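Structural features, examined
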Amino acid sequence: MSASVPCPPCPPDWLDGLNTLAAQAIGLSDPNPRVACRLITLDGQVFEGHTQEAGGPHAEVMALRHARAAGATLRGATAIVTLEPCSHHGRTPPCCDALIDAGVARVVVALADPNPLVGGRGLAQLRAAGIQVDLLDPTHPLAVASRELNIGFMSRMERGRPWVRMKIAASLDGTTALPNGVSQWITGEAARTDGHAWRKRASAVLTGIGTVLEDDPRLDVRLVTTARQPRRVVVDSRLEIAPQARILQPPGEVWIYNATDPLATAQTRTALRAQGAILIDCPGPAKVAGGTPKVDLAAMLHDLAQREVNELHVEAGHKLNGSLLRERLVDELLLYVAPKLLGPGAGLAHIGPFVDLKEGLDMVFTEAVPVGPDLRIRARFPISR
């Protein structure tokens, strides 16, 4: 891996707003990372671009296109990119080749790419072509911001599993639904809209069969504009979902992870596939002799990574939430807290009971901000989990 530098040998304002530009790829570029590129020519002209849809141009190519459309001279220019340029043929040609062919003299890179197909090869290829390459220190603000923006991509490449973000809406006393099952709406409109923005970030939205049977949700992105709908994933060990369930309706694909016998459920499978559902067999061991196996949640996450899911957004009930938490499969909580008390009812997650405080699941708060009348709290588990 190439050595990093504390900051690039260029004016600080050349870095301003790059991560905001990269964020425009949210809801567009998955499974590719969200990347921005800024070109500064020798005569001071500035051209920018960000990653487009999968199979479309990467950030570097977009910036080069804008520069050429304006008739700019690119030889000797500086390119600043928020992630190491790719050096391999994937859905598109290598960005390194495009920068070399354009004649740029310097490339400043915010963050190295952990993708094994890149992994420093892009930096090496640029240097071999005689281009000055500066890799920012990992603690540099732009490097930190780029990693955070691409936390799901990083997780998939480094850990072989998506970044799992669990979203919960609750009252101040931790109730997510009344004893009769009523839960809409605990939080206000602003929080619900904000929640859809987080759905937009995700490659896939996951729920459990309990939520499907009780609430019949759609779990698509509706309250904010998006160019791409995340996949919807249902954990349904016994294939209890009805073909008429709203979650099976367009837009977007639906993946159903189950633990049933394909022969015993052939008719059900045929009906679900007729609705466009993709059935994925993922059984774990039966909990008791002769019992029905549950979906192997850890294996499911690894399978989702193989299907190029970067960020997995969980909106489920307290039972599935509890299972994911008990198995240490959650990375982050996204909790919307309403300023109201609802008394007994369903809680955040079914975990425990514990007999010692040390058995609790320790987290670190990363954010607490008002969203309308409600409060959005984000907390993370240690990444080593």
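Scroll up a little and you will see the structure.
Cut-offs and rules
- Residues numbered from 1 in each chain as written.
- Predicted model: local features only at pLDDT ≥ 70, side-chain atom pairs only at ≥ 80, totals over all residues.
- Heavy atoms only, no water.
- Helix = DSSP H or I, 4+ residues; strand = E, 2+ residues; numbered from the N terminus.
- Buried < 20%, exposed > 50% of the residue type's maximum accessible area, 1.4 Å probe, protein only.
- Phe/Tyr/Trp six-rings, centres within 6.5 Å; stacked < 30°, edge-to-face > 60°.
- Lys NZ or Arg CZ within 6 Å of the ring centre and 35° of its normal.
- Contact = heavy atoms within 4.5 Å.
- Pairing = 2+ DSSP bridges.
- Right-handed = clockwise from strand over helix to strand, strands pointing away.

**Concerning unusual backbone geometry**
- At the junction of Q184 and W185, the peptide bond is cis and its omega measures out at 5° in the coordinates.
- By the secondary structure assignment, W185 is in the loop between β7 (163–171) and α7 (189–201).
- Cis geometry marks the peptide bond from G352 to P353, where omega comes out at 5°.
- Its location among the elements puts P353 in the loop between β13 (332–338) and β14 (364–371).
- Non-glycine residue D216 carries a positive phi angle of around 50°.
- With respect to the element layout, D216 can be found in the loop between α8 (209–215) and β9 (231–235).
- Residue class for D216 comes out partly exposed when judged on its relative accessible area of 28%.
- One non-glycine residue, L239, lies in the positive phi region at around 50°.

**Describing the packing of aromatic side chains**
- For the structure shown, the criterion picks out zero aromatic pairs.
- For the cation-ring pair, R307 lies above W255, with the distance from its terminal atom to the ring centre recorded as 5.6 Å.

**Digging into the side chain of D30**
- Mapped onto the elements, D30 comes out in the loop between α1 (18–22) and β2 (36–40).
- Here D30 falls in the buried class, since its relative accessible area comes to 11%.
- If we skip the residues at most four places from it in the chain, D30 touches A54, R201, A202, S203, R228 and N310.

**Examining the pairing of β13**
- Most of β13 sits inside the fold, with seven of its seven residues counted as buried.
- Residues E332, L334, Y336 and A338 of β13 are buried on one face, and the alternating residues L333, L335 and V337, pointing to the opposite face, are buried as well.
- Note: β13 against strand β15 (residues 374–380), six bridges, orientation antiparallel. Its bridge partner lying in β15, Y336 is registered against R376.

**Looking at the pairing of strand β8 (residues 204–208)**
- Taking burial as the measure, the five residues of β8 include five buried ones, the bulk of the element.
- Side chains A204, L206 and G208 project from β8 onto one buried face, and the interleaved V205 and T207 project onto a second face that is buried too.
- Across five bridges, the pairing between β8 and β9 is parallel. Of the residues in β9, the one forming a bridge with V205 is R232.
- Taken together, β8, α8 and β9 form a β-α-β motif whose crossover is right-handed.
- Note: β8 against strand β12 (residues 311–314), three bridges, orientation parallel. Looking at β12, one finds that A204 is bridged to L312.

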